[in-house]
Amino acid sequence: MDPFDAGAGGLLKQPKSVWATAGASVVAFMGIGLVDPILPSIASGLNASASQVSLLFTSYFLITAIAMLVTGFVSSRVGGKKTLLLGLALVVVFAGLSGTSGSVGELVGFRAGWGLGNALFVSTALAVIVGAAAGGSAAAILLYESALGLGMACGPLLGALLGDASWRYPFFGTAFLMAVGFLCIAVFLREQPKPARKTSLLDPVKALGHGGLASAAISAFFYNYTFFTVLAFTPFVLNMSPYRSGAVFFAWGVLLAVFSVIVAPRLQKRFGSLKVLGGSLVLLAADVLVLGYGDHATAVVCTILSGAFIGVNNTVYTELALGVSDAPRPVASAGYNFVRWFAAAAAPFFAPKIEEWTDLHIPFVVAAVTAVLGAVVVAVRRKALTREAEELEPKHATEDSVTVFAN
């Protein structure tokens, strides 16, 4: 079946509950890149250094990583809808509080609370979309990936438009949009059946005992370090106005969306998932290396171009996490995300520190090396990673939930 088909079960023919969840997902993903164009403005407004402001990402993703052990535990007990609403409520509160911060320490703390809310919401969103969607998981996952790409593209744009007046406004804007999402889900989404088996806190860690899943998680760990070096450190290197920086990362997000939803599946069909992933990681390494050593115009071009490779990688890693092991999808995904999001917390902290210890170029050299290490893991552990998601579809088709956090 073509997931783009507008007929029954196609991407465009979905119930209101699916569109409500997908719409709220767009806003949730916007929160990741929202601060990109206003990082220099925040540093100036709060008299903070680049390394201090980068902790906005570190606190956010550190809590997100730890929360991966909690989200399945919560959702398997209270249900998907209540978990979504709890996550949205936390985001509304902490995004609003972020806009009132009087110091960088307060803002970092509020971003941590925001990260917990976002983890609860986004880690449950795909499960809910799959459960409520018409046409099975293909159209649902495609819709989820579309929401991811659109959110990552629009986040920097919203940050730039509102942040041009004050760095505080993007946080208030996000709180308002998430409140709207809360109302839409409360009204349109029906509660879905709870999983037959409740998830324990240690189940995701135990799932990592599978060699294929552990390999995917380790490779994604290295990749995520590169990804978030681009996302969190590059704005300081570009040193542009909020509007210009927002435009750059909007273009970056558009490429991410297009390559994630449209290009990656076609490349996978022609060349195979592991070849596509390995090649894309090597190209991303080359891109960030040129970004670090090129002039300003080159850095802008390479920043935008990195969105294409990141989009491809996101799609392939998602499929590997869902299908490489025998563990239930929610459990396998939680374990995988528990590992990889630690890199998203580490990169924003270490990149500016490395610059302080060395020079501007070396953080990108490190990012290039981590991307190559991700490709090496794929090559060395190829046999463990060859099990495709389609082989497990008959088993997983009867599960009530799928949990994948923002790729």
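Above this text you will find the structure in question.
Here is a short report on the structure shown in this document. Owing to the predicted nature of the structure, the values given are computational and were not obtained by experimental measurement.

A count of helical and extended segments in the chain gives 16 helices and 0 strands. Scored against the burial criterion, the 407 residues of the chain give a buried share of 58%. Across the chain, every contact between residues at least 6 apart in sequence was considered, and the portion connecting residues at least 24 apart equals 87%. Carbon and sulfur atoms make up 69% of the accessible area of the chain, which totals about 14,800 Å².

The relative placement of two aromatic rings is captured by the distance of their centres and the angle of their planes. Enumeration according to the criterion identifies 17 aromatic pairs in this entry. The ring of Phe57 is capped by Arg111, whose NZ or CZ atom sits 5.9 Å from the centre of that ring. Seen from the ring of Trp114, Arg111 lies directly overhead, with NZ or CZ sitting 4.8 Å from the centre.

With that out of the way, let us pick up the nonpolar core. Within soluble globular proteins, side chains that are nonpolar generally end up buried alongside one another. Ranked by size, the top nonpolar core spans 115 residues in total, and within it Ile42, Phe61, Phe121, Phe171, Phe228, Leu231 and Trp252 carry the most contacts. Per-element tally for this core: the top contributor is helix α10 (residues 211-238), with 13 residues. With residues near it in sequence (within four places) discarded, Leu231 still touches Ile32, Asp36, Phe57, Met152, Phe249 and Trp252.

What follows deals with the packing of helix α1 (residues 16-33) against helix α6 (residues 104-132). The N-to-C vectors of α1 and α6 enclose an angle of 150°; their axes lie 9 Å apart at closest approach. Between α1 and α6, the angle falls in the class roughly antiparallel. In the crossing of α1 with α6, the sense of the turn from one axis to the other is left-handed. For the pair α1 and α6, the contacting residues are Ser17, Val18, Thr21, Ala22, Ala24, Ser25, Ala28, Phe29, Gly31 and Ile32 in the first and Arg111, Trp114, Asn118, Phe121, Val122, Ala125, Val128, Ile129 and Ala132 in the second.

Axis separation between α10 and helix α14 (residues 329-357) bottoms out at 7 Å; the angle between their running directions is 35°. Of the two elements, α10 crosses α14, and the hand of that crossing is right-handed. Its residues assigned to classes, the contact of α10 with α14 shows 23 nonpolar, 2 polar and 2 charged.

On to helix α15 (residues 362-380), then. Its 19 residues place the ends of α15 27 Å apart at the C-alpha level, agreeing with the 27 Å of an ideal helix rising 1.5 Å per residue. Contacts made by the buried residues of α15 are with α10, α12 (273-293) and α14.

The next thing to look at is unusual backbone geometry. Unlike most non-glycine residues, Asn47 shows phi in positive territory, near 55°. Looking at the element boundaries, Asn47 is found in the loop between α2 (39-45) and α3 (50-53). Notably, Asn239 is not glycine yet its phi reads approximately 50°, a positive angle.

Calculation criteria
- Each chain carries its own residue numbering, running from 1 in the written order of its sequence.
- Where totals are concerned, whole chains, interfaces and linings use all residues; where local detail is concerned, this predicted model gives features only for residues with pLDDT of at least 70, and gives and counts side-chain atom pairs only at 80 or more.
- No hydrogens and no water enter the side-chain calculation; it runs on all heavy atoms of the structure.
- Helix and strand labels come from DSSP, where a helix needs a run of H or I of at least four residues and a strand needs a run of E of at least two; each type is numbered from the N terminus.
- Think of it in three bands: residues with accessible area under 20% of the maximum for their type are buried, residues over 50% are exposed, and the middle band is partly exposed, with areas taken using a 1.4 Å probe on protein chains only.
- Whether two residues are in contact is decided by their heavy atoms: any pair within 4.5 Å suffices.
- Method for areas: the Shrake-Rupley scheme with a 1.4 Å probe, in which residue coverage is limited to the protein chains shown.
- Side-chain rings of Phe, Tyr and Trp (the six-membered ring for Trp) are treated as a pair once their centres are within 6.5 Å; stacked means planes under 30 degrees apart, edge-to-face means over 60, and tilted covers the remaining angles.
- For a lysine, the NZ atom is tested; for an arginine, the CZ atom; a charge sits over a ring if that atom is within 6 Å of the ring centre and within 35 degrees of the ring normal.
- Buried residues of nine kinds, namely Ala, Val, Leu, Ile, Met, Phe, Trp, Tyr and Cys, make up a nonpolar core once their side-chain atoms join them within 4.5 Å.
- Axes, fitted as lines to C-alpha atoms, cover a helix only where it is in contact. Angles between the N-to-C directions of the axes lie from 0 to 180 degrees.
- When an angle is under 35 degrees it counts as roughly parallel; over 145 it counts as roughly antiparallel; between 65 and 115 it counts as roughly perpendicular; any other value is oblique.
- Here a crossing is taken to be left-handed if its near helix is turned anticlockwise relative to the far helix by less than a right angle, and right-handed if that turn runs clockwise.
- Under the convention adopted here, Pro, Cys and the residues Ala, Val, Leu, Ile, Met, Phe, Trp and Tyr are nonpolar, Asp, Glu, Lys and Arg are charged, and Gly plus all remaining residues are polar.
- Here a helix's expected span is defined as the number of its residues, less one, multiplied by 1.5 Å.

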